[in-house]
Amino acid sequence: MADAAPDAILGSAKAPKAPSPARLLTVGDEWEGQRLDNFLFREVKGVPKTHVYRLIRSGQVRVNKGRAQADTRLATGDVVRVPPVRGSADTTPPAETASSAPARSFPILYEDEALIAIDKPAGVAVHGGSGVSFGVIEQLRAARPEARFLELVHRLDRETSGILLIAKKRSALTRLQDQFRARSTGKTYLALVKGQWPANRKVVDTPLRKYLLPDGERRVRPTGKDDAEGMRALSLMRVRESFPPVPEQGLPATSLLEVTIKTGRTHQIRVHTASGGHPIAGDDKYGDFDWNRRLARHGLPRMFLHAWRLQFSHPLTDAPITLTCELGPDLFVPPRRP
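Each residue is numbered by its place in its chain's sequence as written, counting from 1. Side-chain atom pairs in this predicted model are given and counted only at pLDDT of 80 or more, local residue features only at pLDDT of at least 70, and totals for whole chains, interfaces and linings cover all residues. In computing side-chain properties, one takes all heavy atoms of the structure into account and sets aside hydrogens as well as water.

Peer 1: Can you help me understand the confidence of the model for the protein chain in this one?
Peer 2: Caution applies to low-pLDDT regions: their predicted coordinates should not be interpreted in detail. Per-residue pLDDT for the protein chain averages 86, and the proportion of residues at 70 or more is 88%. Values of pLDDT, the confidence the predictor places in each residue, fall between 0 and 100. Here, residues are in contact when the closest pair of their heavy atoms is within 4.5 Å. Of the regions scoring below 50 in pLDDT, residues 1-16 engages in four contacts with residues more than four places distant in sequence or in other chains. When the criterion is pLDDT under 50, residues 88-99 qualifies, and its contacts beyond four places in sequence or with other chains add up to seven contacts.

Structure, rendered in structure tokens:
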């Protein structure tokens, strides 16, 4: 039997991809202030980070024809030389081997050259990870392939709907995140809770502490001010409307609250209301599960927590901006007694 042709033998194995040619990339204003290593990670996807750092240390990556460090901050107009890189299916990280996120558009509340504000639906994570293949940001990038920069400014729980900000420029991202860290933004949520919330209980200043369930899922519980692992959590409560019980439908009294958070702790509103005996409707972590089942039969398919209003300064002009996002059709207040 004749030997197989060399090309046939080589073709039976996965050959590595040929190196791409060196590229010269001009930094746009959307990447102003970005670290060099983070800039490269987006430009050479599928290449291990260790290899990227090796290219930087060896001087193969250049900024304006000179050597640079991984933490070099880029400026608009900088020219970055990206050397040839060799990749193969074996070096592609797990996140890249998964099927790409499907393109999806979301209702736009506000958009300009610096940022986008969308109405995030409940049940959609803001980003992939922790068992979720993709989220809002990955879907939005797929829907806008021409956009060079789209990054989350902040986060919402997967079960929470409402206003979510996405930056379109690096400078906008850093300035908005500075506002969130300095607590100079105004974030107000709408929450339907069980029972009559006392109108004079306007401030909840109870520290919260994270812990893990046996299966590794995270939870939060209220704790004392002397707990070294507790984090201060401050919520301002305002009763927008109270609803009487409807016994014939198995529904207790409820209150629709406007909750303005001054700190951004994990599950802050959910734990603050539940620890006071007023769980949020539909909350599957800290709620009243029997009540949740009754609400589901009446048509409430999800947790009633909605990011309703957001106030901040525009990252480029400092102009004050107030955005509101009204309740969607999947949220309802309890039926009134006939």
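Still more to cover.
Peer 1: Please clarify how the side chain of Asp-37 should be interpreted in this entry.
Peer 2: Relative to the helices and strands, Asp-37 is located in helix α2 (residues 36-43). Think of a polar contact as two N or O atoms within 3.5 Å of one another; within protein, one of them needs to be a possible hydrogen donor and the other a possible acceptor, and neighboring residues in sequence only count if both atoms come from side chains. Within the structure, the side chain of Asp-37 is placed 2.9 Å from the side chain of Tyr-53, a separation counted as a polar contact. Not counting the four nearest positions on each side in its chain, Asp-37 is found in contact with Tyr-53, Ile-56 and Ala-70. Secondary structure elements follow DSSP: runs of H or I of four or more residues count as helices, runs of E of two or more count as strands, with numbering from the N terminus.

Peer 1: When you look at the packing of aromatic side chains in this model, what are you seeing that I'm missing?
Peer 2: The description of an aromatic ring pair rests on the distance of the ring centres and on the angle between the ring planes. Ring pairs are drawn from Phe, Tyr and Trp, using the six-membered ring of Trp, whenever the two centres fall within 6.5 Å, and their geometry is named by plane angle: stacked under 30 degrees, edge-to-face over 60, tilted for the rest. Inspection of the entire model under this criterion finds one aromatic pair. When the ring of Phe-41 is compared with that of Tyr-53, the centres are 5.7 Å apart and the planes differ by 80°; the resulting orientation is edge-to-face. Note that Phe-41 is positioned in helix α2 and Tyr-53 in helix α3 (residues 49-57), a separation of 12 residues in sequence. Think of it in three bands: with a 1.4 Å probe and only protein chains considered, a residue is buried below 20% of the maximum accessible area for its type, exposed above 50%, and partly exposed in between. Owing to a relative accessible area of 18%, Phe-41 belongs among the buried residues under this scheme. Above the face of the Phe-41 ring, Lys-49 is positioned so that its terminal group lies 5.0 Å from the ring centre. Geometrically, a lysine NZ or arginine CZ counts as sitting over a ring once it is within 6 Å of the ring centre and also within 35 degrees of the ring normal.

Peer 1: Honestly, the pairing of strand β6 (residues 115-120) in this entry has me stumped. Any pointers?
Peer 2: Note on strand geometry: in a regular strand, side chains alternate between the two faces of the sheet. Burial within β6 is extensive, with five of its six residues counted as buried. Pairing analysis gives three bridges linking strand β5 (residues 108-111) to β6, with the strands arranged antiparallel. Paired with Glu-111 across the bridge in β6 is Ile-116. From the end of β5 to the start of β6, which pair antiparallel, there are three residues. Of the strand pairs in this sheet, β6 and strand β8 (residues 161-167) are connected by six bridges, and their pairing is antiparallel. Bridging from a neighbouring strand, Ile-116 pairs with Ile-166 of β8. Strand pairing is defined by DSSP finding a minimum of two bridges between the two strands.

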